[in-house]
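Take a look at the letters that make up each chain.
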Amino acid sequence: MADVPHELSAQIGDGGEDATGDDVALDPGEPQFDLVEPGRVSRREVQPDTIKRRAMGKMRAVQVAQGGGALELVEREMPEPTQGEVRVRVEACGVCHSDSLTVEGQWPGLSFPRIPGHEIAGIIDAVGTGVVGWSAGQRVGVGWFGGHCGRCEPCRRGWLIDCRNLRIPGISYDGGYADAMVAPADALAAMPDQLSAVDAAPLLCAGVTTFNALRHSGAMPGDVVAVLGIGGLGHLGVQFANKLGFCTVAIARGSDKEALSRNLGAHHFIDSATEDVAAKLNRLGGARAVLATVTSAKAMTPVIEGLAVRGRLIVVGVDVEPIEVSPLQLIGASRSVVGHAAGASIDSQDTLGFSALSGVRPMIETMPLSRAPEAYARMMRAEARFRMVLTMAEQH
Ligand SMILES: [Zn+2]
Ligand SMILES: [Zn+2]
């Protein structure tokens with residue numbers, strides 16, 4: 001299934017930057033496909049054309065020229081950080097379903113051409129004026145949270161991810177489908193040495209979304225916590241739930257996900273195609289929290305009866321259809337249904353740190369940047385197991 005972890009209601013920032021210079025189509029060259037086990041990175045030698053390109057102040061990027069258009073590999077001017085910004089030499093960038101907002105031009109006010117990508121792992125290689133606490137050579141990540149305004153009411157209350165002028169890499173400004181990108185310093189998360197760039201990338205969106213939702217779920221160690229949907233988000237959610245000490249229940253359609261779910265740390269598995277989900281959750285004592293990662297509101301409705309007293313249905317999977325819940329279901333046991341946005345940059349940093357500490361890793365398939373269109377298409381067909389990650393390894 002395709003997981004879409006973001007609030008569509010957040011507003012775009014100041015419109016971001018436009019591309020500069022002429023874009024020249026590049027030959028994508030020989031395709032390469034690597035299936036990378038968690039924790040392993042494949043690297044290639046520095047290519048002579050890469051050295052030449054960098055010396056000329058150019059970089060490769062995969063952009064969308066217009067909404068609904070194709071992803072195209074182009075040569076761009078190397079961007080320079082201005083006040084409060086850093087340039088990140090991208091090592092890996094995850095491909096997220098929300099990238100379709102850019103590719104399809106669905107985000108209001110989006111300006112083109114635009115480079116998608118908001119699961120960015122790399123190294124700071126240039127620092128703009130006024131940046132404090134970050135320096136060149138530091139390993140960093142940038143996720144969906146691409147900067148906040150500091151002026152709106154949610155910002156003033158400290159709810160940075162709810163900033164009404166939230167900036168998002170790949171939407172408000174150019175993202176990580178490129179050799180380099182520029183980000184405001186407040187969007188940065190420090191990346192621990194124990195995590196490879198390809199493993200860190202999906203944690204910056206799918207990871208922080210699930211980890212942050214679970215750690216704020218109100219559930220305590222030992223409580224029953226269910227993860228609905230075992231896909232890009234859910235396969236991380238199950239691992240986090242286990243490592244956070246919850247009695248972890250995986251819920252998916254069909255028994256084919258059972259072995260995988262148990263390997264990821266699920267103590268129980270419910271096949272929603274053949275079993276009564278609510279009845280089974282209640283036999284376990286009821287769920288203190290259910291993390292709904294599926295993109296189907298219809299699939300969320302049946303779990304509500306399986307919530308314990310004061311249990312919460314935490315919605316991170318996006319759908320435009322309504323979730324059906326009666327007031328009686330909510331009032332009778334003080335249950336709640338809540339939405340949860342990904343998290344700010346410090347939440348991403350916490351996610352990376354917790355993953356390094358506990359051994360949580362995404363299951364990924366990598367492709368080189370030049371094959372971004374193929375990686376994107378594979379993700380959109382829900383064929384990725386479970387996250388596609390683009391690598392810029394020619395630079396190493
Ligand atoms: Zn995302
Ligand atoms: Zn704000």
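Residues numbered from 1 in each chain as written. Chains lettered and ligands numbered in written order. Predicted model: local features only at pLDDT ≥ 70, side-chain atom pairs only at ≥ 80, totals over all residues. Heavy atoms only, no water.

**Q** Which residues make up the sheet that holds strand β10 (residues 247-252), and what values do they have?
**A** Read across the open sheet, the 6 strands follow the order β11-β10-β9-β12-β13-β14; overall the sheet is parallel. Edge strands, defined here as strands with exactly one partner in the open sheet, are β11 (268-271) and β14 (336-339). Neighbour-to-neighbour, the strand axes of this sheet turn through a mean angle of 20°, independent of strand direction. Bridge analysis of strand β9 (residues 224-228) against β10 gives 5 bridges, and the strand direction is parallel. Residue Leu 228 lies in a different strand from β10, and its bridge partner there is Ile 251. Sitting on the sheet, helix α5 (residues 234-243) touches β9, β10 and β12 (287-292), and the angle it makes with β10 is about 165°. (Pairing = 2+ DSSP bridges. Helix = DSSP H or I, 4+ residues; strand = E, 2+ residues; numbered from the N terminus. Axes fitted to C-alpha atoms, helices over the stretch in contact; angles between N-to-C directions. Contact = heavy atoms within 4.5 Å.)

**Q** Lay out the coordination of the zinc ion (ligand 2) in plain terms, naming residues and giving numbers.
**A** Between any two of four tetrahedral donors, the ideal angle at the metal is 109.5 degrees; between two of six octahedral donors, it is 90 or 180 degrees. Only Cys 149 (SG), Cys 152 (SG), Cys 155 (SG) and Cys 163 (SG) from the protein coordinate the zinc ion (ligand 2), and they sit 2.3 to 2.4 Å from it. If you look at the zinc ion (ligand 2), its 4 donor atoms make angles of 101 to 121° with each other, and the shape they trace is tetrahedral. The exposure class assigned to Cys 149 is buried, which follows from its relative accessible area of 16%. (Donors = N, O, S within 2.8 Å, 3.2 Å for Na, K, Ca; no water. Tetrahedral: all angles 85-135°; square planar, octahedral: opposite > 155°, others 65-115°. Buried < 20%, exposed > 50% of the residue type's maximum accessible area, 1.4 Å probe, protein only.)

**Q** An account of unusual backbone geometry is needed here, citing residue identities and associated values.
**A** Cis geometry marks the peptide bond from Phe 112 to Pro 113, where omega comes out at -5°. Mapped onto the elements, Pro 113 comes out in the loop between α2 (100-103) and β5 (120-127). For the peptide bond that leads from Arg 385 to Phe 386, omega is -10°, which places it in the cis range. Within the element layout of this structure, Phe 386 appears in the loop between α11 (372-380) and β16 (387-391). Positioned with a positive phi, Ser 334 is a non-glycine residue whose angle comes to about 50°. For Ser 334, the position within the fold is in the loop between α9 (327-332) and β14.

**Q** Account for the environment of Leu 214, naming residues and giving values.
**A** Mapped onto the elements of the fold, Leu 214 is located in helix α4 (residues 197-215). The class for Leu 214 is buried, based on a relative accessible area of 1%. In the structure, Leu 214 is positioned 75 residues away from Ala 289 in sequence and 8.1 Å away in space, judged by C-alpha atoms. Excluding its chain neighbours within four sequence positions, the residues that come into contact with Leu 214 are Val 225, Gly 237, Phe 240, Ala 241, Leu 244, Phe 246 and Leu 291.

**Q** Just give me the short version of the pairing of strand β15 (residues 364-368), but keep the residues and values in it.
**A** In terms of burial, β15 is a largely internal element, 5 of the 5 residues being buried. Examined bridge by bridge, β15 and β16 share 5 bridges and lie parallel to one another. Residue pairing for β16: Met 367 is matched across the bridge by Leu 390.

**Q** Outline the state of the cysteines, listing residues and values.
**A** Per the counting criterion, the structure on display carries 0 disulfides. Looking at Cys 93, it has no disulfide partner, and the nearest cysteine sulfur is the one in Cys 96, 9.7 Å off. (Disulfide = S-S within 2.5 Å.)

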